[in-house]
Structure formats: C-alpha cells, structure tokens
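These are the residues of each chain, in order.
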Amino acid sequence: MKIRLKLILMIVMPMLISGLAIGILSTQLARNYLNNEQETILKTAIEGYSGDVNAYQELNIDITVFKGDTRSESSIKNAVGTKASQKVIDAVLNGKEEYFDTNVDVNGTAYYGYYMPISGGMLFAGKPQTVVAENLNRMSLYVLTICIVLLAVFGIIGFLTAGTMAKQIQSVSKSIKGIAEGNLSVGTHLLPNKSKDELGDTSRAAKQMSEKLSNIMQITSQIGTDVNISSENLHSASETTLSAVTKVTKSMEEIAAGLQNQNDSVQNMAGNLSEMNLNIDGIKSAAIDISNSSELLNRSGNSMKKKMTNMSDSNKKVNESIANISDKIRAITQVIDNVKGIVSVIGDISSQTQLLSLNASIEAARAGEAGKGFAVVADSISGLSEDTNQQVDEITNIINTLVDDFDECIKTINETVEDGNAQKKNLESVIEGFEELISEISETSEKVEHITVSINKSVKEMSSISQEIEELSSISESSVDSTQKVNITVEEINTLMNNVASTAEELNNKAEQLNKQLGFFQI
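Before going into details, it helps to say that this report is about the structure given with it. For clarity, every value in this text was computed on a predicted model and none was experimentally measured.

Focus: the overall build of the protein chain
At step 1: Along its length, the protein chain carries seven helices and five strands.
At step 2: In the protein chain, the order of α-helices and β-strands from amino to carboxyl end is α-β-β-α-β-β-β-α-α-α-α-α.
At step 3: For the protein chain, buried positions account for 38% of its 523 residues.
At step 4: Across the protein chain, contacts joining residues at least 24 apart in sequence account for 72% of those joining residues at least 6 apart.
At step 5: With the model as given, the accessible surface of the protein chain reaches about 29300 Å², and the carbon-plus-sulfur share is 53%.

Concerning a negative patch on the surface
At step 1: Residues Asp-404, Asp-405, Asp-407, Glu-408, Glu-415, Glu-418 and Asp-419 make up a contiguous surface patch of negative charge.
At step 2: Here Glu-418 is to be found in helix α6 (residues 372-467).
At step 3: Classification of Glu-418 as exposed rests on a relative accessible area of 55%.

Section: the sheet that holds strand β3 (residues 99-106)
At step 1: Overall, antiparallel pairing links the five strands, which are arranged β2-β1-β5-β4-β3 in an open sheet. Edge positions in the open sheet fall to β2 (70-74) and β3, since each of these has one partner strand only. Going across the sheet, the axis of each strand differs from the next one's by a mean of 35 degrees, ignoring polarity.

With respect to the pairing of strand β1 (residues 62-67)
At step 1: With five of six residues buried, β1 is to be regarded as a mostly interior element.
At step 2: Judged from the four bridges that link them, β1 and β2 form a sheet pairing that is antiparallel. Bridged to Val-65 within β2 is Glu-73.
At step 3: Hairpin connection of β1 to β2: two residues between the antiparallel strands, including Gly-68 at a positive phi of 70 degrees.

What to know about the nonpolar core
At step 1: Formed by 18 residues in total, the largest nonpolar core has its most connected members in Ile-325, Ile-329, Ile-336, Val-343, Ile-399, Phe-406 and Ile-413.
At step 2: Of all the secondary structure elements, the ones that give two or more residues to this core are α3 (129-180), α5 (266-367) and α6.
At step 3: Aside from chain neighbours lying at most four places away, what touches Ile-399 is Ile-336, Val-339, Lys-340 and Val-343.
At step 4: In this structure, Phe-66, Ala-79, Val-88 and Ala-91 belong to the second largest nonpolar core, which totals 16 residues.

A short note on the packing of aromatic side chains
At step 1: Evaluated as defined, the whole model comprises six aromatic pairs.
At step 2: Geometrically, the ring pair formed by Tyr-99 and Tyr-115 is tilted, given 6.1 Å between the ring centres and 45 degrees between the ring planes. Separated by 16 residues along the polypeptide, Tyr-99 in strand β3 and Tyr-115 in strand β4 (residues 109-118) bring together distant segments of the chain.
At step 3: Look at Tyr-99 and you get buried, because its relative accessible area is 15%.
At step 4: Measuring from centroid to centroid gives 6.4 Å for Tyr-111 and Phe-124, while their planes differ by 75 degrees, and the two rings are edge-to-face. With a gap of 13 residues between them, Tyr-111 in strand β4 and Phe-124 in strand β5 (residues 121-128) connect regions that are remote in the sequence. Each member of the pair Tyr-111 and Phe-124 is classed as buried.
At step 5: In this structure an aromatic cluster arises from ring pairing among Phe-66, Tyr-99, Tyr-111, Tyr-115 and Phe-124.

Quick notes on a nonpolar patch on the surface
At step 1: Residues Tyr-142, Ile-146, Val-149, Leu-150, Val-153, Phe-154 and Ile-157 make up a contiguous nonpolar surface patch of about 660 Å² in total accessible area.
At step 2: Relative to the elements of secondary structure, Ile-146 occurs in helix α3.

Quick word on the pairing of β3
At step 1: Note that β3 and β4 share six bridges and pair antiparallel. Paired with Phe-100 across the two strands is Tyr-114, which belongs to β4.
At step 2: The loop that links β3 with its antiparallel partner β4 comprises two residues; one of these, Asn-107, has a positive phi angle of about 55 degrees.

Some words on helix α2 (residues 86-94)
At step 1: Looking only at α2, the buried set comprises Val-88, Ile-89, Ala-91, Val-92 and Leu-93.
At step 2: Against β3, β4 and β5 lie the buried residues of α2.
At step 3: Downstream of α2 by one or two residues, Lys-96 has phi in the positive range, about 55 degrees.

Concerning the environment of Ile-346
At step 1: Position of Ile-346 relative to the elements: it lies in helix α5.
At step 2: Ile-346 sits in the buried class, given a relative accessible area of 13%.
At step 3: C-alpha of Ile-346 to C-alpha of Asn-389: the two residues are 43 residues apart in sequence and 8.5 Å apart in space.

Remarks on the pattern of salt bridges
At step 1: Overall, the coordinates contain one salt bridge when judged by the stated rule.
At step 2: We note a salt bridge from Glu-98 to Lys-43, for which the minimum N-O separation is 4.0 Å. In this pair, Glu-98 sits in the loop between α2 and β3 while Lys-43 sits in helix α1 (residues 2-47), placing the two residues 55 residues apart along the sequence.

Topic: the environment of Thr-44
At step 1: By the secondary structure assignment, Thr-44 is in helix α1.
At step 2: On the basis of relative accessible area, Thr-44 is assigned to the partly exposed category, the value being 48%.
At step 3: Separated by 70 residues in the primary sequence, Thr-44 and Tyr-114 place their C-alpha atoms 9.9 Å from one another.

What to know about unusual backbone geometry
At step 1: The backbone of Asn-60 shows a phi angle near 60 degrees, a positive value even though the residue is not glycine.
At step 2: Examined against the element boundaries, Asn-60 turns out to sit in the loop between α1 and β1.
At step 3: The backbone of Asn-107 sits at a positive phi, close to 55 degrees, despite the residue not being glycine.
At step 4: One can find Asn-107 in the loop between β3 and β4.

Cut-off values and rules
- Residues numbered from 1 in each chain as written.
- Predicted model: local features only at pLDDT ≥ 70, side-chain atom pairs only at ≥ 80, totals over all residues.
- Heavy atoms only, no water.
- Helix = DSSP H or I, 4+ residues; strand = E, 2+ residues; numbered from the N terminus.
- Buried < 20%, exposed > 50% of the residue type's maximum accessible area, 1.4 Å probe, protein only.
- Contact = heavy atoms within 4.5 Å.
- Areas by Shrake-Rupley, 256 points an atom, 1.4 Å probe, with all protein chains shown as cover.
- Patch = residues over 30% accessible without salt bridge, like charges linked within 9 Å, V, L, I, M, F, W, Y side chains within 5 Å.
- Salt bridge = Lys/Arg side-chain N within 4 Å of Asp/Glu carboxyl O.
- Lys, Arg positive; Asp, Glu negative; His and termini not counted.
- Charge placed at Lys NZ, Arg CZ, Asp CG, Glu CD.
- Pairing = 2+ DSSP bridges.
- Axes fitted to C-alpha atoms, helices over the stretch in contact; angles between N-to-C directions.
- Core = buried A, V, L, I, M, F, W, Y, C linked by side-chain atoms within 4.5 Å.
- Phe/Tyr/Trp six-rings, centres within 6.5 Å; stacked < 30°, edge-to-face > 60°.

The following block contains the structure:
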C-alpha cells in the first residue's frame, strides 16, 4: 500500500501544483486583460463624447468635463465643483498627456478612470471599480472552474495509473522475494501485464524466470531421484554378486578338501565322486549367476552414466538460466536508475516551486492588504513543495533499498553459479567413476568366463576319473591345480565386487546430497 500511495503522490501532486499555478497565472492574465480592455473602452468613450455626459450610463461609464482643474459637468452625483488630484493635474493639464489609472477617487468612490486634455481643461471617462470587479470575478471563476475540472480528470487518471503500477510492482516484488526464499511457484501468481513499457517487461521477465527455474528444478529433482534408485539397484546387484562369490568360494574349499582326501584314499574317492559332481554343478550355477549379475551391472552402469551425463547437461542449462536471471536483474537495476533520474527531476521541480512560493510571498508582502489572499496561496504552495520534497526523499530511500536488495540477489545468484560449477565437477568425477566401474565389470565377466572354462574342464576330468580309476592320482593333482586357480579367480572377483559395492554406496550418498540441496526449492 505504501508504494501505491507514493506513486499517487508522485503523479498527482505535480499535476495539482501545476494546475494551481496555471489557475493563478490565468487569473492574473485575465486581470491584465480586463485592465487593458477597460482602458480601451474608456478612451473610446472620451473620443466619442458628443456633449452629453449621460450618454454612456447604460454601459456604467460616467463622463466628466473639467474647466481647468475643476469639474464643470459630470454624470457623477455631487462631483461638479470638485477638483482633480495633483497627479492628474501634473500629467494631463501640465504635461498635456493622456492618463489612465485603475484607482481614481471621485467623492469617495473608486473608479477606473481615463483623462484626456482638451482646450481649456480636460475630459474624464470612468467606470466604478465594483462593476469591473464583478466582471473580473466572473472571469476568474470561469477560469478556476475549468482548471478544477481538468485537475479532477488528470487526478483520476493519475490515481488509476498509479494503482495499476503499484499492483504490478507489488506482484513482481512478491515473486522475486519468493524465488529468493526457494518458492518457485510464486511466478504463477503474477498479474498479467500486456503493456509494452519497462514495467510490463519486468513483470513478464519475472514470470518467465520463475517458470524456467521451476521446470529446471523439476528435471534436476527427477534426475537426482533416478540416480538414487540406480545406485540402490547397483548396490543390490553387487551384494547379490558377493553372495554368489561366497558360495563359489565355499564350494571350492569343499572341492579342495575332497581332493586331499582322494590323495589319502583311492577307495574313498569312488564314494565321494557323486558328491563332487554335485559341487561342480553348484559352481557352474554360481558362475552363471555371476555372469548374469555382471551383465545387469554393466547395463545399470551404462544407464547411470547416461543419466549422470544428462544431469551434467541440465546443470549447465541451470547455470545459463541463472546467468540470464542475473542479466534481467541488472536490466531492472538500470530501470531503477532511470526512475531515480525522474525522482531527481521532481525534486528540482519542487525546489523551483519553493522558490516561486518565496517570490510570491515577497510580492504579496509588497502588495500589502490587497496581497493577503495571494500570500495564503503562496504559503500553501510552500507547504506542498515541502511535502513533495519529503516524498521524493522517501522514494529515493526506497529506490536505494531496492538497488541494495538487487545487489544482494545478484551476489546470491553468483554463489549459486559457483555451487553449480562445483556440482558439475562432482558429476564429472562420478561419470569417470562409472566408466571405471564398467571397465571393471567387463573384466569381471571375462574372469567369470574363465571360471566357466575351468569348471567344464573339471567336469571332463571327473568323467575321466569314472572311466579310468587307475589314473586317479594324476587326475587328482590336475584337479588340485585347477581348484587353486579357481580360488585365485574367486578372490579377485570378491575384491572387485567389494569395490563395486563401495562405489555404489558413494554414488548413493552423492545422490542424497543432491536431493538435499534441491530440497531448498519449492516447486
């Protein structure tokens, strides 16, 4: 409500002051016009005098004939026999000049009088000041009525304009404040503005900025959720793989123990042969599970890499949008600087009005009793000028506050851009980690294939044992060697899966940090 009142004062008060000045000036011009007109009328009456002093009574014009300095004939009662003033005698009788005065005293009555020298004396034509004052008052009333009507019309227009501007400014201010607090939905409450001026551009830019930020944050939030889900899937797959590797390790330990028993007793080997076949089948099944898990990890890693790349691109778009916001705010700051220039002009006008009021007070003091009314008007103008100066100071303070707020907003945006750049580096680091993870998963798949080959070889060896029991010793030694190789491979897979689980947990933590940062904004 404050900005609306100040806009109204800024627009309407100069109109009122200007209208008042125009009314006073028009009244003075009307007075000068009437004085000149009365001089012309009275001069014409003297020039048309035909010997009848009552010829112009219908026009409220009195004629007097002087012999020397004494009135010999006159349409004014009780004027015959009286003398003219010394000022008139010096100017007309002695100076032989025509003389006009707006305040001629004839037997106690004030006249507008015009004197003309003639042979042996002079002629006088006059009109009572009361008659002229009535005409002047009617003309002044007419001029003032026109001024009041115009001021009323301009005042209503200024009031409506200030109200519309105040609503738009309050709407934009509320939107920018909401965005600064993290609420991106405030842009939907902006009032529509189809005007093509700077205020309309500011309103539309604020609405567009809010909508773009909201869309960007929705996309970023969705990407963070996807990253979190994918990391959980990766962690689950790594746990499954570790479980399968544990089973393989256990099975290989059982195979090693069985082979040692075979070296001690050939007879026990025949009885345990079927059990070894079962263990080999378990190893083969575990190898298949590891292969499937590796393929799942590979697909998840590629998908996650793609999503993180998209997130990096979205982060770049966010930085570009924030840079555009910063440019818009700088443009708004430029507009505020222009408004400060306008306010400065208003202050200059107010100072000139104050000077005009001082001059008017001086002139009113010179006029004495007749200038008291004009002095009151001058005091009113001085008061209005002081009020205007106060309002201009308040507007200037508000504008300076707005400029400081916009500077703070730009500072916050710059900090946000720096955080976005840091986030971009983190994303690039995560993408590199995914590339390494995919490479390690590929190596794991190759090792699983080696395990499968070893298992198939063991199956063939077990078949050979059943066919040629006499070669059991040599076959047992070969099986021990193969088991040792499998154990080494299983240990490598176990180490690799531990690295995968650690990477998945780190990715999950980063995704949670991203979601926490995005939680500041309310979409």
